[in-house]
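# Working through the structure, step by step
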Amino acid sequence: MMTYEVFKAVVKEKFLSYLPEEYRDAEVNIRPVKKVNRTLDALSVLKDDSRMFSSMYVNELYEQYREYGDLEMILRAAAWKYTQSADMFKEQQSEMFMGIEHFKENVIMCLINTEQNRELLAGIPSRAFQDLSVIYRWVVKSSPDEMESSIVSNEMAKIAGMTEEELFQCAVENTRRINPVSVTCMGSMFGSIPEGTILPPEVREELELIKRTSDNMWIISNSSGIYGAVSMLYEENLHQLAEKLGENFFILPSSIHEVIAVPVEMTGKNMTNLIEMVQEANMSSVRLEERLSNSVYHYDRNARKVTLAAESPEKRLDGKQAELPLIQEEKKTR
């Protein structure tokens, strides 16, 4: 079995031979690309001094190679996928350059961790929210359970002729429209134990405890469950939940796709336990590219704002982070 570095060199040397004839005089390039929370080696095919396009990552190809051990199969499949992606990209670029309105109507926002993405943030429009950053994605295609999108770079924003403020204003409305905020009681996901079910007493007790606990935990996301953590910026929904609970609540970052609201009184205000709970969940259950933060946030229903309740222990903030105001409900006029 080849090491990753050897595999990368082989891919660079042999990839063109698996592509159609029109690519024969091109050049394969592999370079590090900053993604959310990680860096990947992106494979690109260059022709006539211009990058043709690729969404192909050598890291992912290597994982397939480790699983199946068939180099030729991996490269043939990768070459086919590459040509399909290149054709799709040309169509997307055509929409981008010829239909800026499509871009403006399909820019949404999501949240990522600031400290873990310093290099990525240097090349894209963004704004700070506590220890997180709002970034923008262009939704190319979406369905109830799938979304194809790409991060908006400074170059894309320039082509669209939009400032970061204009991106934000568009994204606030587009996100609300494309992915409406969803607030769901976690307990509703657990059915009651059917009557007559025979279980050992200790198992029944544990299941009932999980159900009671879940009845006091609320998942804040969106209708698709994709990039839903940004829903914590829509203040009206947070306020409605706080009014229903009759108290303030902590917000635990589950992933970039959702956060969990827990009433303050239920926690006993034990910040150490909450931080440890978030950290453990991130390390054991959340993929690296989907981790949001190890911090805990607090929603105050009187002040109607979110603040840091407890910082991630590995990164103490200096108190100078920007406080992005929560997004208020749009006031409709007659």
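Above: the structure in question.
Given the structure is predicted, the values throughout are model-derived calculations rather than measurements. (Residues numbered from 1 in each chain as written. Predicted model: local features only at pLDDT ≥ 70, side-chain atom pairs only at ≥ 80, totals over all residues. Heavy atoms only, no water.)

## Looking at the environment of Ser254
Mapped onto the elements of the fold, Ser254 is located in strand E11 (residues 249–255). Given a relative accessible area of 21%, Ser254 falls into the partly exposed group. With near-sequence residues (within four places) excluded, Ser254 lies in contact with Val259, Ile260, Asn282 and Val286. (Helix = DSSP H or I, 4+ residues; strand = E, 2+ residues; numbered from the N terminus. Buried < 20%, exposed > 50% of the residue type's maximum accessible area, 1.4 Å probe, protein only. Contact = heavy atoms within 4.5 Å.)

## Comments concerning the packing of aromatic side chains
Evaluation of the coordinates by the stated rule reveals eight aromatic pairs. One aromatic cluster is present, formed by Tyr4, Phe7, Tyr62 and Tyr65 through successive ring pairs. Over the ring of Phe168 we find Arg127; its NZ or CZ atom is 3.9 Å from the centre of that ring. (Phe/Tyr/Trp six-rings, centres within 6.5 Å; stacked < 30°, edge-to-face > 60°. Lys NZ or Arg CZ within 6 Å of the ring centre and 35° of its normal.)

## Overview of the sheet that holds strand E10 (residues 218–222)
With antiparallel pairing, the six strands of this open sheet are ordered in space as E9-E10-E12-E11-E13-E14. Of all strands in the sheet, those bounded by a partner on one side alone are strand E9 (181–185) and strand E14 (305–310). Geometrically, the sheet is characterised by an average inter-axis angle of 30 degrees between neighbouring strands, direction not taken into account. The sheet contact formed by E11 and strand E13 (residues 296–300) spans three bridges and is antiparallel. Pairing of Phe249 across the sheet is with Tyr299, part of E13. Docked against the sheet, helix H11 (residues 271–285) engages E11, E13 and E14, running at close to 15 degrees with respect to E11. (Pairing = 2+ DSSP bridges. Axes fitted to C-alpha atoms, helices over the stretch in contact; angles between N-to-C directions.)

## Remarks on unusual backbone geometry
Phi at Gln130 takes a positive value of approximately 55 degrees, unusual for a residue other than glycine. By the secondary structure assignment, Gln130 is in the loop between strand E6 (126–129) and strand E7 (132–143). A residue is classified by how much of its surface remains accessible, and Gln130, at 5% relative accessible area, is buried. With phi around 55 degrees, Tyr227 is a residue other than glycine that occupies positive phi space.

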